Amino acid sequence: MKKFIFLSITIFAVLALNGCGSSSDDYYNDEIKYHVVDQDGYGVADIRYTCDGNSVELTDGSGGFYFYPNDDCTLQLELRIVDSTVDDLYIEDDSGAGISGIKYECTSGTFGRTESNGHFEFDNVGEADYCTFQL
């Protein structure tokens, strides 16, 4: 009888602990990181972004921003960080490959899909341009 009780408690504990950790681990494993880089291949840091209305974050030193599949992420492209008359911007993955076909729309009126090398158009001459990407 003691063996049965011990075995039951052990099985219950394993199942309970296994259930608690798996769902949150899967959530964090789904997070994706892309990078905003300039024409020279350098990451563009300090671009304000928000994905699906969550808190405002800043791109890191590699231009990295984090999101979950199917998020809409808005990048705030300010003149003090990038200049649309000088800078070309691209979205790349961790290996440096351009991400093509991402649908985007900017408040400046530019829109489309990222090109095969990840390039996208923006226009922040008059004011900051907010570009929303459907990831």
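Keep in mind it's a predicted model, so treat the numbers as computed, not measured. (Residues numbered from 1 in each chain as written. Predicted model: local features only at pLDDT ≥ 70, side-chain atom pairs only at ≥ 80, totals over all residues. Heavy atoms only, no water.)

Draft legend 1. Local environment of the pattern of salt bridges. Enumeration over the complete set of coordinates arrives at three salt bridges. Among the ionic pairs, D60 bridges to K33, the shortest N-O distance being 3.1 Å. Residue D60 is located in the loop between β3 (57–58) and β4 (64–67), and its partner K33 is located in strand β1 (residues 32–38); the two are separated by 27 residues in the primary sequence. The exposure class assigned to K33 is partly exposed, which follows from its relative accessible area of 21%. (Salt bridge = Lys/Arg side-chain N within 4 Å of Asp/Glu carboxyl O. Helix = DSSP H or I, 4+ residues; strand = E, 2+ residues; numbered from the N terminus. Buried < 20%, exposed > 50% of the residue type's maximum accessible area, 1.4 Å probe, protein only.)

Draft legend 2. Fine view of the packing of aromatic side chains. Summed over the entire model, instances satisfying the criterion amount to eight aromatic pairs. On the numbers, 6.4 Å between centres and 80° between planes, the contact of Y34 with F65 is edge-to-face. Taken together, the residues span a long stretch of sequence, with Y34 in strand β1 and F65 in strand β4 at a distance of 31 residues. Like F65, Y34 is buried. These aromatic residues form a ring-pair network of at least three members: Y34, Y49, F65 and F67. (Phe/Tyr/Trp six-rings, centres within 6.5 Å; stacked < 30°, edge-to-face > 60°.)

Draft legend 3. Representation of the nonpolar core within the structure. With 22 residues, the main nonpolar core has L77, L89, F120 and F133 as its most contacted residues. For this core, the secondary-structure elements that each account for two or more residues are β1, β2 (48–51), β4, β5 (72–77), β6 (89–92), β7 (103–106) and β10 (129–134). Looking at this core element by element, the count peaks at three residues for β5. Leaving out residues up to four positions away in the same chain, F133 has contacts with D71, D72, C73, L75, I91, I102, K103, Y104, T114 and F120. (Core = buried A, V, L, I, M, F, W, Y, C linked by side-chain atoms within 4.5 Å. Contact = heavy atoms within 4.5 Å.)

Draft legend 4. Local environment of the pairing of β10. Burial along β10 is one-sided: the residues D129, C131 and F133 are buried and none of Y130, T132 and Q134 is. In the sheet, β5 pairs with β10 via six bridges, with the strands oriented antiparallel. Of the residues in β10, the one forming a bridge with C73 is F133. Where β7 lies against β10, four bridges are found, and the strand directions are antiparallel. Looking at β10, one finds that C106 is bridged to C131. (Pairing = 2+ DSSP bridges.)

Draft legend 5. Representation of the confidence of the model for the protein chain in the model. Put simply, the protein chain has an average pLDDT of 86, and 79% of its residues get 70 or more. Here residues 1–27 scores under 50 on pLDDT; set against residues more than four positions off or in separate chains, the count is one contact. (pLDDT = per-residue confidence, 0-100.)

Draft legend 6. Spotlight on the sheet that holds β3. Taking strand neighbours across the sheet as the criterion, the six strands line up as β3-β2-β5-β10-β7-β8 in an open arrangement whose pairing is antiparallel. Where the open sheet ends on each side, the last strands, each with one partner, are β3 and β8 (111–113).

Draft legend 7. Fine view of unusual backbone geometry. Backbone geometry places D46, a non-glycine residue, at a positive phi of 70°. By the secondary structure assignment, D46 is in the loop between β1 and β2. You will see that D52, though not glycine, has its phi angle at about 50°, which is positive. The topology assignment puts D52 in the loop between β2 and β3.

Draft legend 8. Representation of the sheet that holds strand β9 (residues 119–120). Taken in spatial order, the four strands of this open sheet run β4-β1-β6-β9, and their pairing is antiparallel. This sheet does not close on itself; its edge strands, each paired only once, are β4 and β9. With four bridges joining them, β1 and β6 adopt antiparallel strand pairing. Directly across from D38, in β6, lies its bridge partner L89.

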